[in-house]
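A structural walkthrough
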Amino acid sequence: QSGSNPMLLRMNRKYTLEQFLERIATFKAHNPSWAITTDLIVGFPGETEDDFQQTVDVCKTGIFAQAYMFVYSPRRGTPAAVWHAANAVPKDVAQERFVRLKAVQDEAVRAYHDRKVGTTVRALIHGVSRKDKTKLSAKTVDNVTVNFPLTESAPDTSRPWADVRVESASVW
C-alpha cells in the first residue's frame, strides 16, 4: 500500500518493500504471465514527500498491471485515525499526490495493455458491454477487460469464453 518502509510500518504491514518485491520475483519466476495488482494509499498520516516519491518510484517500474488508489481517509477506532489529528497530510497535498500517482500508474497500465495489441487472448465472456450494446465484454486470464463486436461472426455466446484478437488498448 506504499513504497516506503516507514509508511508500511505505520500502516501495520508485516513486510518491507524488499520482502514484497522478493515475493513478486518468486511469483514471476514460476509464471511470468501473472499479473500483479495492488492497493495504494496516499496521504496516510505522517507521509512525507520522500515517502510518497518512493511509492511513485515503485509504480514507475511497471510492476503493477493494475492499482486501486485511494486518498487516505480516517476510519474511526483505528490507530491511524488517532495519528491523523496530529500528523494529517493536508487534503490539497494528498489530492495533488493522488493525481501524480494516478498519472504514473495509468502510464504503466497503458503499457501493460499495449503489450496485448496484435495478440489473441482467451477471455471469459461476461455479456453485453455496459458502455456499448453492440459489443460483448469479457475478462482475460489476467483480469483485463476486452470488448469485441457482437455480430453474427462473433464467437458462440453459449460458450463461457472467446479467443479475442486485440486491436487497440487503453488504460481501462
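Whatever comes next refers back to the structure up there.
Residues numbered from 1 in each chain as written. Predicted model: local features only at pLDDT ≥ 70, side-chain atom pairs only at ≥ 80, totals over all residues. Heavy atoms only, no water.

1. Details of the environment of Pro90
The cut-off we apply is this: Numbering of helices and strands runs from the N terminus; a helix is a DSSP stretch of H or I covering at least four residues, while a strand is a stretch of E covering at least two.
Relative to the helices and strands, Pro90 resides in the loop between α4 (79–87) and α5 (91–114). Taking the C-alpha atoms as reference points, Pro90 and Leu136, separated by 46 residues in sequence, lie 43 Å from one another.

2. Quick look at the sheet that holds strand β4 (residues 135–140)
Which entries qualify depends on this criterion: Think of it this way: DSSP has to see at least two bridges between two strands before they count as a pair. Angles run from 0 to 180 degrees between N-to-C directions of axes, and those axes are lines fitted to C-alpha atoms, restricted for helices to the stretch in contact.
Here we have 4 strands laid out as an open sheet, ordered β5-β4-β3-β6, and antiparallel in their pairing. Looking at strand neighbours, the two that pair on one side only are β5 (145–149) and β6 (161–165), the edges of this open sheet. Averaged over all pairs of adjacent strands, the angle between strand axes in this sheet comes to 45 degrees, irrespective of strand direction.

3. Comments concerning the environment of Glu96
By the secondary structure assignment, Glu96 is in helix α5. Residues Glu96 and Ala138 lie 42 residues apart in sequence; the distance between their C-alpha atoms is 34 Å.

4. Section: the side chain of Gln105
Convention followed: Between buried and exposed lies partly exposed: a residue is buried under 20% and exposed over 50% of the maximum accessible area for its type, with that area taken using a 1.4 Å probe on protein chains only. Polar contact is defined as a pair of N or O atoms within 3.5 Å, subject to the rule that within protein one atom must be able to donate a hydrogen and the other to accept it, and that residues adjacent in sequence are counted only when both atoms are side-chain atoms. Residue contacts are defined here by distance: any two heavy atoms, one from each residue, within 4.5 Å place the two residues in contact.
You can see Gln105 is positioned in helix α5. Judged by relative accessible area, which is 0%, Gln105 ranks as buried. Among the polar contacts listed, one links the side chain of Gln105 to the backbone oxygen of Phe64, at a separation of 3.0 Å. Those residues in contact with Gln105 that lie beyond four places of it in its chain are Cys59, Phe64, Gln66, Ala67 and Met69.

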